[in-house]
Amino acid sequence: MKAAIVGLGYVGLPLSLQFARSGVDVLGLDVDKNKVDALNGSRSYIKHIEAGDIAAMVNAGRFEASTDFRRAKEAGAIIICVPTPLNRNREPDISYIIETGKSIAPHMARGTLVVLESTTYPGTTDEDLREVLESGSGMKAGVDFHLAFSPEREDPGNPDSKVELIPKVIGGYTPACLEKAKELYGCAIKKLVPLSSCRAAEATKILENTFRAVNIALVNELKIVYSAMDIDIWEVISAARTKPFGFMPFYPGPGLGGHCIPIDPFYLTWKAREYDQHTRFIELAGEVNASMPEYVVHRVAEALNSRRKAVNGSKVLVMGIAYKPDVDDDRESPSYVLMDLLKARGAEVSFYDPFVPEIHAGREHPHWAGLRSIAWDPKLLGAFDVVLISTNHKAVDYAELARHAGCIVDTRNAMGGIQTRPGQVWRA
Ligand SMILES: NC(=O)c1ccc[n+]([C@@H]2O[C@H](COP(=O)([O-])OP(=O)(O)OC[C@H]3O[C@@H](n4cnc5c(N)ncnc54)[C@H](O)[C@@H]3O)[C@@H](O)[C@H]2O)c1
């Protein structure tokens with residue numbers, strides 16, 4: 001069996017390798033020639049994916065990458081893992097899915113299974129994608145080809161999160177489509193969770209991510225309320241999590257980041273309007289989470305003020321550009337919002353991140369492109385008026401930071417348990 005996987009990013013690449021390891025021949029398709037060349041040369045461009053794992057599959061003849069979408073005709077199954085961002089007006093941008101549909105449709109063989117994995121609103125698979133595939137191929141979904149949705153549940157940076165062990169939710173356009181998709185994923189994934197429709201599967205993924213967005217907003221709000229009462233939110237959460245039932249810990253931070261949590265819930269908000277429905281929890285969570293960087297900058301100003309300094313003219317080191325610990329992914333990172341706010345107030349902003357040596361031009365924050373991480377040097381650390389920890393990578397030596405930095409604003413409890421001087425660390 002041969003599967004084509006379209007979009008070889010954080011989702012598509014690990015999935016490709018898992019299928020290849022399971023004995024499926026995988027053709028990876030991407031519009032980015034650099035990625036295709038890197039993979040065919042057994043090089044990795046994602047920190048937590050080993051080049052050796054790619055080499056093993058390339059050398060075994062199980063995995064190959066290409067930019068030639070005509071080759072989709074070789075595959076019995078085509079899995080789509082392309083980006084689903086928001087546009088400038090914070091509306092869903094499914095253009096990558098539509099473009100992919102247009103590229104593969106003319107080359108699809110009869111009986112092919114097409115599965116969408118990109119996170120999106122309910123209806124994308126059986127309305128938008130189906131329409132493009134049917135008009136481009138001249139075939140009918142559920143009759144001439146199979147169609148399904150199966151959301152990715154990748155947790156980058158978590159060593160315990162293995163693609164094959166994460167239960168896979170699947171919804172088919174017809175019962176036969178579902179059976180075909182179960183057959184495909186059954187080769188590579190241990191536990192399958194079949195649902196009644198593509199829409200139910202799309203809605204499941206949105207529920208999972210909305211659940212996180214709402215709960216993170218809750219602890220972000222409580223962080224501010226408890227701080228005013230001189231209560232440490234981190235102590236409270238670690239106590240609450242000792243409850244063996246009915247509680248799941250979420251942690252506050254400088255705002256939401258990544259390709260999923262800040263974006264996906266708004267896909268539902270947009271679609272819900274078509275049904276005259278309002279997503280008040282999503283809107284409120286978005287509002288609370290989006291206000292976090294302002295709160296953090298306010299704390300930076302307080303910390304500097306206590307040292308008779310202003311933000312204007314101060315040297316600030318933002319520590320951590322990646323949106324979460326131990327990954328190199330800086331998409332939607334709140335660190336950029338913090339840097340923008342600080343710069344707008346006249347601060348001289350630098351950053352340190354062991355996994356992001358240089359900021360690359362991307363869809364967001366192109367004005368920071370080219371800025372390089374400072375080197376880890378105790379003398380340099382001591383030269384900043386304030387170090388703002390926005391991401392708590394494990395690789396950072398926080399004890400050394402405490403020895404050399406004058407003032408630290410900590411949004412992640414990275415300094416918890418580290419010996420510090422009175423007044424040195426400000427929680428934010
Ligand atoms: N990153 C995660 O942790 C995660 C987790 C769960 C779900 N998702 C979802 O999975 C989807 C993909 O996310 P990702 O993080 O892998 O994105 P990514 O940006 O890392 O990868 C997407 C890939 O698609 C390629 N691409 C773009 N347009 C294309 C086109 N028209 N044809 C072929 N390839 C194209 C890009 O070059 C890139 O290599 C998104 O919908 C996302 O919400 C991501």
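Engineer: Before we move on, could you go through the overall build of the protein chain and cite the residues and values that matter?
Structural biologist: Tallying secondary structure elements over the protein chain gives 14 helices and 13 strands in all. Computed over its C-alpha atoms, the radius of gyration of the protein chain comes to 23 Å, within 12% of the 22 Å expected for a compact globule of 428 residues. For the protein chain, the spread of C-alpha atoms along the principal axes amounts to about 70 × 50 × 40 Å. Looking at the 428 residues of the protein chain, the share that counts as buried comes to 50%. Taking the intrachain contacts of the protein chain between residues at least 6 apart in sequence as the baseline, contacts between residues at least 24 apart amount to 67%.

Engineer: Provide a residue-level description of the sheet that holds strand E7 (residues 168-172), including the pertinent values.
Structural biologist: Read across the open sheet, the eight strands follow the order E3-E2-E1-E4-E5-E6-E7-E8; overall the sheet is mixed. Of all the strands in the sheet, the pair left with one neighbour each is strand E3 (63-66) and strand E8 (192-195). Put simply, the sheet's adjacent strands are angled 25° from each other on average, direction ignored. Here strand E2 (residues 25-29) pairs with E3 via four bridges, running parallel. Residue pairing in the sheet places leucine 29 in a bridge with serine 66 of E3. Sitting on the sheet, helix H7 (residues 198-228) is in contact with strand E6 (146-149), E7 and E8, with an inclination near 145° to E7.

Engineer: I'd love a proper account of the packing of helix H1 (residues 12-21) against helix H3 (residues 51-59), names of residues and values included.
Structural biologist: Working note: a packed helix pair is described by the angle between its axes plus the distance between those axes. Where H1 contacts H3, the two axes come as close as 10 Å, and the packing angle between them is 45°. Relative to H3, the element H1 lies oblique. In this structure, the crossing between H1 and H3 has a hand that is left-handed. Judged by residue contacts, Leu13, Leu17, Ala20 and Arg21 of H1 engage Asp53, Ile54 and Met57 from H3. When grouped by side-chain class, the residues that make up the contact of H1 with H3 number five nonpolar, no polar and two charged.

Engineer: I'd love a proper account of the site of the ligand, names of residues and values included.
Structural biologist: Near the ligand lie 27 residues; those nearest to it are Val11, Asp30, Lys35, Thr84 and Arg331. A distance of 2.8 Å separates an oxygen atom of the ligand from a polar atom in the side chain of lysine 35. For the ligand, whose unbound accessible area comes to 830 Å², protein coverage reaches 92%. In the shell around the ligand, the residues fall into twelve nonpolar, seven polar and eight charged.

Engineer: Tell me what's going on with the pairing of strand E9 (residues 315-319), and back it up with residues and numbers.
Structural biologist: When you tally the buried positions in E9, you get four out of five residues, the bulk of the element. Summarising the sheet, E9 and strand E10 (residues 348-352) pair through five bridges and their orientation is parallel. Within E10, the position partnered with lysine 315 by the bridge is glutamate 348. For the segment spanning E9, helix H12 (residues 334-344) and E10, crossover handedness is right-handed.

Engineer: Account for the packing of aromatic side chains, with residues named and values stated.
Structural biologist: Throughout the structure, instances matching the rule amount to six aromatic pairs. Consider the rings of tyrosine 352 and tryptophan 376, whose centres lie 5.1 Å apart with planes at 55°: the pair is tilted. Taken together, the residues tyrosine 352 in strand E10 and tryptophan 376 in the loop between E10 and helix H13 (378-382) connect sequence positions 24 residues apart. Using a relative accessible area of 11% as the deciding quantity, one classes tyrosine 352 as buried. By relative accessible area, tryptophan 376 is classed as partly exposed at 26%.

Rules and cut-offs
- Residues numbered from 1 in each chain as written.
- Predicted model: local features only at pLDDT ≥ 70, side-chain atom pairs only at ≥ 80, totals over all residues.
- Heavy atoms only, no water.
- Helix = DSSP H or I, 4+ residues; strand = E, 2+ residues; numbered from the N terminus.
- Rg over C-alpha atoms; globule rule 2.2 N^0.38 Å.
- Buried < 20%, exposed > 50% of the residue type's maximum accessible area, 1.4 Å probe, protein only.
- Contact = heavy atoms within 4.5 Å.
- Pairing = 2+ DSSP bridges.
- Axes fitted to C-alpha atoms, helices over the stretch in contact; angles between N-to-C directions.
- Parallel < 35°, antiparallel > 145°, perpendicular 65-115°, else oblique.
- Left-handed = near helix turned anticlockwise from the far one by under 90°.
- Nonpolar A, V, L, I, M, F, W, Y, C, P; charged D, E, K, R; others polar.
- Near = heavy atom within 4 Å.
- Polar contact = N/O pair within 3.5 Å; in protein donor to acceptor, adjacent residues only side chain to side chain.
- Areas by Shrake-Rupley, 256 points an atom, 1.4 Å probe, with all protein chains shown as cover.
- Right-handed = clockwise from strand over helix to strand, strands pointing away.
- Phe/Tyr/Trp six-rings, centres within 6.5 Å; stacked < 30°, edge-to-face > 60°.

So far we have only geometry, and geometry alone does not tell us how the molecule works.
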